[in-house]
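# Breakdown of the fold
Residues per chain, in single letters:
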Amino acid sequence: MAGSTRYLRYIVFAFICLIVVFLFSSTSSVPSQASNIIKDQTSRWRGSQVDDVSGAHTGKNDNKPTSPNPHTGLPPAVASGPRMNATFVTLARNNDVWEIARSIRQVEDRFNRKYNYDWVFLNDQPFDDTFKKVTSALTSGNTKYGVIPEEHWSFPDFINQTRAKNVREDMAARKIIYGDSVSYRHMCRYESGFFFRHPLMLDYEWYWRVEPSIELFCDINYDTFKYMADNNKKYSFVLSLYEYVETIPTLWDSVKGFMKEHPEHVVEGNSMQFLSDDGGNTYNHCHFWSNFEIGNLNWLRSPAYIDYFNKLDRDGGFFYERWGDAPVHSIAAGLMLKKEEIHFFNDIAYYHVPFTHCPTGEQTRLDLKCHCNPKENFDWNGYSCTSRYFELNSITKPEGYEKEQ
Ligand SMILES: Nc1nc2c(ncn2[C@@H]2O[C@H](COP(=O)(O)OP(=O)(O)OP(=O)(O)O)[C@@H](O)[C@H]2O)c(=O)[nH]1
Ligand SMILES: *[C@@H]1O[C@H](CO)[C@@H](O)[C@H](O)[C@H]1NC(C)=O
Ligand SMILES: *[C@@H]1O[C@H](CO)[C@@H](O)[C@H](O)[C@H]1NC(C)=O
Ligand SMILES: [Mg+2]
């Protein structure tokens, strides 16, 4: 027994030596180009974290690999050309970490590994180490973590607390989703009027909003921010639908008040027809689903948008009702942008519970290596408003839409 074990040990030892010698000779013959790439990759992966500091750019995407892959001879999977002044932005809680991790992984795989755009995370509480570690490991660009100032996440002093509390109790009794939630209301108000003014966001012109637990089903092989800029787009969407009317009974009254006070902000050639079936008298509840957005931050920071938000805020519906940021952004885009400035990204296949946008058109899905089921596409469903957008803009519906209706 003991003798044969020793004999076996000699053989294993000799074998290991052989492998070590082989490995050593092969790594030393790898061209120095490859080791440079490996070095570049590690410095990209190391990345950087910036805590609530604006203007700090260090690390990751300063070291893009440029030489071809020595094994395949192919160029690196990183896009060339000018970078846009753009960032991803995510509002999240520490306990959203695993849900946002899934979203980031998909956005990186399908798009950002080729572009390495920054990612800004915002929270009403400080982010913890786990959140920062997990998210910065998954992203290819710089990550920045910001705390929201208290005045942007609290009741304004003109809100009557008794009235707001009565509303929450009433909505809870009527089982309106998030109807009893204070934090959901702060969230909707923050996304409506403040995220684009956070100090970390002032560094950028373009944003792409990403929520926890979303999915991207197709490759995105071009720079979506550059597309927006080159084509004069300011706001974009992938899904649209009708808002739950119980959450916004007086929103349109407030909007009408705004249009009266500030007619100069309402532009010619806007998308009023998407929002109203009677020339603006009543709201049809159509809105772009704002959990996905690629948009222009300078537009949101413009006097027109700020006047609009301030008017809505004063009217109190974020607390006396439960106004969502989706109708708030959509109405702003619909009234204060020219209709051509709003873009529908048919080629960005997307899911946020419970709706899917899966591109209509089989060839598009094959070309972009999509993994969504076209039967789940919501666009041509009766509860979607996307048909109205197509009609208003006189755009031909994508190939195969009748089949998928
Ligand atoms: N920091 C922080 N983020 C929040 C809070 N509530 C919501 N969020 C974030 O705000 C965004 C919207 O919240 P969700 O809970 O996804 O709201 P929703 O999309 O209407 O509803 P779901 O169907 O539950 O996804 C997400 O990015 C959340 O992570 C909060 O209290 N604090
Ligand atoms: C606040 O709201 C309550 C309940 O609607 C109302 O009774 C009260 O008069 C309001 N207070 C003020 C100062 O308006
Ligand atoms: C990016 O955009 C912001 C907002 O417009 C601007 O302040 C900043 O100077 C821009 N940065 C670069 C590098 O152009
Ligand atoms: Mg969500």
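This text goes with the structure placed above it.
Here's what I pulled together on the structure shown here.

The rules behind each value
- Residues numbered from 1 in each chain as written.
- Chains lettered and ligands numbered in written order.
- Predicted model: local features only at pLDDT ≥ 70, side-chain atom pairs only at ≥ 80, totals over all residues.
- Heavy atoms only, no water.
- Helix = DSSP H or I, 4+ residues; strand = E, 2+ residues; numbered from the N terminus.
- Buried < 20%, exposed > 50% of the residue type's maximum accessible area, 1.4 Å probe, protein only.
- Contact = heavy atoms within 4.5 Å.
- Areas by Shrake-Rupley, 256 points an atom, 1.4 Å probe, with all protein chains shown as cover.
- Donors = N, O, S within 2.8 Å, 3.2 Å for Na, K, Ca; no water.
- Near = heavy atom within 4 Å.
- Polar contact = N/O pair within 3.5 Å; in protein donor to acceptor, adjacent residues only side chain to side chain.
- Expected span 1.5 Å × (residues − 1).
- Core = buried A, V, L, I, M, F, W, Y, C linked by side-chain atoms within 4.5 Å.
- Phe/Tyr/Trp six-rings, centres within 6.5 Å; stacked < 30°, edge-to-face > 60°.
- Lys NZ or Arg CZ within 6 Å of the ring centre and 35° of its normal.
- Pairing = 2+ DSSP bridges.
- 1 Å grid on protein atoms, 1.4 Å probe; cavity = no way out; pocket = protein on both sides within 12 Å on 5 of 7 lines; lining within 4 Å.
- Points joined across faces, edges and corners; volume = space filled by probe spheres on them.
- Nonpolar A, V, L, I, M, F, W, Y, C, P; charged D, E, K, R; others polar.
- Sits in = over half its atoms within 2 Å of the grid points.

## Considering the overall build of the protein chain
Each helix and strand in the protein chain was counted, giving 15 helices and 13 strands. For the protein chain, with 405 residues in total, the buried portion stands at 52%. Summarising the internal contacts of the protein chain: among those between residues at least 6 apart in sequence, 78% fall at separations of at least 24. In the form shown here, the protein chain has an accessible surface area of approximately 19,500 Å², with 54% of it arising from carbon and sulfur atoms.

## Let's talk about the coordination of the magnesium ion (ligand 4)
Binding of the magnesium ion (ligand 4) to the protein goes through E211 (OE) and H352 (NE2), at separations of 2.0 to 2.2 Å. In this pair, E211 is assigned in the loop between β5 (206-209) and β6 (215-216) and H352 in strand β12 (residues 350-352), connecting sequence segments 141 residues apart. Neither residue differs from the other here; E211 and H352 are each classed as buried.

## Some remarks on the site of ligand 3
Residues in contact with ligand 3, as listed here, are N85, L202, D203, Y204, E205, N298 and R301. Here an oxygen atom of ligand 3 and a side-chain polar atom of N85 are 2.3 Å apart. Here an oxygen atom of ligand 3 and a side-chain polar atom of N298 are 3.2 Å apart. When ligand 3 sits alone it has 360 Å² of accessible area, and the protein chains cover 40% of it.

## Digging into helix α3 (residues 97-110)
Spanning 14 residues, α3 covers 20 Å between terminal C-alpha atoms, matching the ideal 20 Å at 1.5 Å per step. When we look at burial in α3, the residues that qualify are V97, I100, A101, S103, I104, Q106, V107, E108 and R110. Against the buried residues of α3 lie β2 (86-91), β3 (118-123), α4 (129-138) and β6.

## Observations regarding the nonpolar core
Residues L122, F195, W299, Y305, Y308, I331 and M336 are the most contacted members of the largest nonpolar core, which totals 60 residues. Residues within four places of F195 in sequence aside, it is in contact with V89, L122, Y190, M201, Y207, L297, L300 and H329.

## Section: helix α8 (residues 251-261)
Because each turn of an α-helix spans 3.6 residues, side chains separated by three or four positions end up pointing in the same direction. Taken together, the buried positions of α8 are L251, W252, S254, V255, G257, F258 and M259. Considering only its buried residues, α8 is in contact with α9 (272-275), α11 (303-315) and α13 (325-336).

## Focus: the packing of aromatic side chains
Going through the model one piece at a time under the given rule, you end up with 49 aromatic pairs. Ring plane angle 10° and centroid distance 3.9 Å describe the contact between Y178 and Y184, whose orientation is recorded as stacked. On the basis of an interplanar angle of 35° and a centroid distance of 5.2 Å, the ring pair of F237 and F344 is categorised as tilted. In this pair, F237 sits in strand β7 (residues 235-237) while F344 sits in strand β11 (residues 342-344), placing the two residues 107 residues apart along the sequence. For the pair F237 and F344, one class covers both residues: buried. A cation sits over an aromatic face here: R163 above Y320, 3.7 Å from the ring centre.

## As for the sheet that holds strand β13 (residues 355-357)
Pairing is antiparallel across the open sheet formed by three strands, whose spatial order is β6-β12-β13. Each of the sheet's edge strands pairs with one partner strand only, and the pair in question is β6 and β13. Sheet topology places β12 next to β13; three bridges connect them, and they run antiparallel. In the strand pairing of β13, Y350 is matched with H357.

## A few points about the layout of surface pockets
In this model, the largest pocket occupies a volume close to 1,200 Å³. In terms of lining, the largest pocket is formed by 41 residues, of which the most central are Y178, Y184, M187, E211 and H352. Where the lining of the largest pocket is concerned, the elements lending two or more residues are β2, β3, α6 (182-193), β8 (240-242) and α13. Considered class by class, the residues forming the lining of the largest pocket number 21 nonpolar, ten polar and ten charged.

## Digging into the site of ligand 1
Near ligand 1 there are 15 residues, and of these L91, N123, D124, Y178 and Y184 occur at the shortest range. The separation between a nitrogen atom of ligand 1 and a polar side-chain atom of R93 is 3.2 Å. Contacts to ligand 1 include N123, whose side-chain N or O atom sits 2.9 Å from a nitrogen atom. Judged by its atoms lying within 2 Å of the grid points, ligand 1 is housed in the largest pocket. The biggest single contributor to the shell around ligand 1 is α6, with three residues. Across the shell around ligand 1, the residue classes break down as eight nonpolar, three polar and four charged.

Everything listed here is a matter of geometry and, on its own, says nothing about what the molecule does.
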